[in-house]
Amino acid sequence: MSIRFDQAAGTLSPAGPTLTRRMSDLEGLFRDQNSWRTAVADGDPIVYSVVSSPVPEIDRELPQSITTIHPGTTGGEFWMTKGHQHPNHQGEIYLGMSGNGGLLMFDGKDTRWVDMAPGTIGYIPPGWAHRSVNVGSEPYSFLAVYPGGAGHDYSWVLENGLGQRVWRQDDGLAFVDYFAE
Ligand code: S6P
Ligand code: ZN
């Protein structure tokens, strides 16, 4: 089968489920909770959206999705996805499509960061929780291809963090320990 992505419209055809994550959906994830509350009260902006292919999330299938993270910071921390662990440990592939972002990975002990630009392939090995971050001034979009039976565990990140956080610093970025005050 063939699936067409319309970059301007941000849609897949044929399409599967579409997801929109607003600031209020990211409760407990930004370090500066006061800034997060203010952003929720002040329009609750869309932080990212995910359009999926119609391939089912079941064992042996390879669903795809395209995530677009809008540019922005909350309390100095770059806008990002919630992040998750795949409970059934399996690898995953990302392909940068537009904008500048990064792929943050954490296995419970070590942290890895991959700069993502158009054409970059980011590989997530089995057992590494992952989050995507927009570190640019334009929307950051990437394609994800993942095993349909891997599952998604969001509570893992709330409990274990992701090793590091990514902050805007001058014109660049800085990393700080996830649970640092
Ligand atoms: C799925 C893959 C991506 C994310 C998407 C949103 O395994 O890693 O499609 O689901 O980038 O991130 P999150 O953390 O909200 O699912
Ligand atoms: Zn994933």
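Attention in this report is confined to the structure presented alongside it. (Residues numbered from 1 in each chain as written. Chains lettered and ligands numbered in written order. Predicted model: local features only at pLDDT ≥ 70, side-chain atom pairs only at ≥ 80, totals over all residues. Heavy atoms only, no water.)

1. Some thoughts on the overall build of the chain
Okay, step 1: The helix and strand tally for the chain stands at two helices and 15 strands.
Okay, step 2: The C-alpha radius of gyration computed for the chain amounts to 16 Å, which stays within 12% of the reference 16 Å derived for 181 residues, consistent with globular compactness.
Okay, step 3: Expressed as lengths along the three principal axes of its C-alpha atoms, the size of the chain is roughly 50 × 35 × 30 Å.
Okay, step 4: Taking all 181 residues of the chain together, 43% fall into the buried category.
Okay, step 5: Put simply, of all contacts in the chain between residues at least 6 apart along the chain, 66% involve residues at least 24 apart.
Okay, step 6: Of the side chains in the chain, 12 bear a positive and 21 a negative charge, and the two mean positions are spaced by 1 Å. (Helix = DSSP H or I, 4+ residues; strand = E, 2+ residues; numbered from the N terminus. Rg over C-alpha atoms; globule rule 2.2 N^0.38 Å. Buried < 20%, exposed > 50% of the residue type's maximum accessible area, 1.4 Å probe, protein only. Contact = heavy atoms within 4.5 Å. Lys, Arg positive; Asp, Glu negative; His and termini not counted. Charge placed at Lys NZ, Arg CZ, Asp CG, Glu CD.)

2. Some remarks on the coordination of the zinc ion (ligand 2)
Under perfect tetrahedral coordination by four donors, a metal shows angles of 109.5 degrees; under perfect octahedral coordination by six donors, it shows angles of 90 or 180 degrees.
Okay, step 1: Looking at the zinc ion (ligand 2), the protein donor atoms are H84 (NE2), H86 (NE2), E92 (OE) and H130 (NE2), and they sit 2.1 to 2.2 Å from it.
Okay, step 2: Considering all six donor atoms around the zinc ion (ligand 2), the spread of angles at the metal, 70 to 172 degrees, places the coordination shape in the octahedral class.
Okay, step 3: Written as a sequence motif, the donor arrangement for the zinc ion (ligand 2) is H-x1-H-x5-E-x37-H.
Okay, step 4: Assessed through its relative accessible area of 11%, H84 is described here as buried. (Donors = N, O, S within 2.8 Å, 3.2 Å for Na, K, Ca; no water. Tetrahedral: all angles 85-135°; square planar, octahedral: opposite > 155°, others 65-115°.)

3. Regarding the nonpolar core
Okay, step 1: One finds M23, L26, F30, Y94 and L162 to be the most contacted residues of the largest nonpolar core, which totals 32 residues.
Okay, step 2: When residues of this core are traced back to their parent elements, those giving at least two are α1 (33-41), β4 (46-52), β9 (101-106), β12 (129-134), β13 (140-145) and α2 (155-160).
Okay, step 3: Element by element, the count of residues in this core is highest for β9, at four residues. (Core = buried A, V, L, I, M, F, W, Y, C linked by side-chain atoms within 4.5 Å.)

4. Here's the deal with the sheet that holds β12
Okay, step 1: The three strands are arranged β10-β9-β12 in an open sheet whose pairing can be described as antiparallel. Strands at the two margins of the open sheet, each flanked by one partner only, are β10 (111-116) and β12. Strand-to-strand, the axes of this sheet are offset by a mean angle of 20 degrees, without reference to chain direction.
Okay, step 2: Summarising the sheet, β9 and β12 pair through six bridges and their orientation is antiparallel. For G102, the partnering residue across the bridge sits in β12 and is V133. (Pairing = 2+ DSSP bridges. Axes fitted to C-alpha atoms, helices over the stretch in contact; angles between N-to-C directions.)

5. A look at the side chain of Q164
Okay, step 1: Tracing the sequence through the fold places Q164 in strand β14 (residues 164-169).
Okay, step 2: Side-chain polar atoms of Q164 contact the side chain of D177, separated by 3.0 Å. (Polar contact = N/O pair within 3.5 Å; in protein donor to acceptor, adjacent residues only side chain to side chain.)

6. A closer look at the site of ligand 1
Okay, step 1: Near ligand 1, the surroundings consist of 17 residues, among which Y48, S65, T67, Y94 and Y154 are the closest.
Okay, step 2: Between ligand 1 and S65 there is a distance of 2.7 Å, counted from an oxygen atom to a side-chain nitrogen or oxygen.
Okay, step 3: A total of 400 Å² of accessible area belongs to ligand 1 in isolation, and the protein chains cover 96% of it.
Okay, step 4: At the level of secondary structure, the elements contributing two or more residues to the shell around ligand 1 comprise β4, β5 (64-69), β8 (92-98) and β13.
Okay, step 5: Class assignment of the residues belonging to the shell around ligand 1 gives a composition of seven nonpolar, eight polar and two charged. (Near = heavy atom within 4 Å. Areas by Shrake-Rupley, 256 points an atom, 1.4 Å probe, with all protein chains shown as cover. Nonpolar A, V, L, I, M, F, W, Y, C, P; charged D, E, K, R; others polar.)

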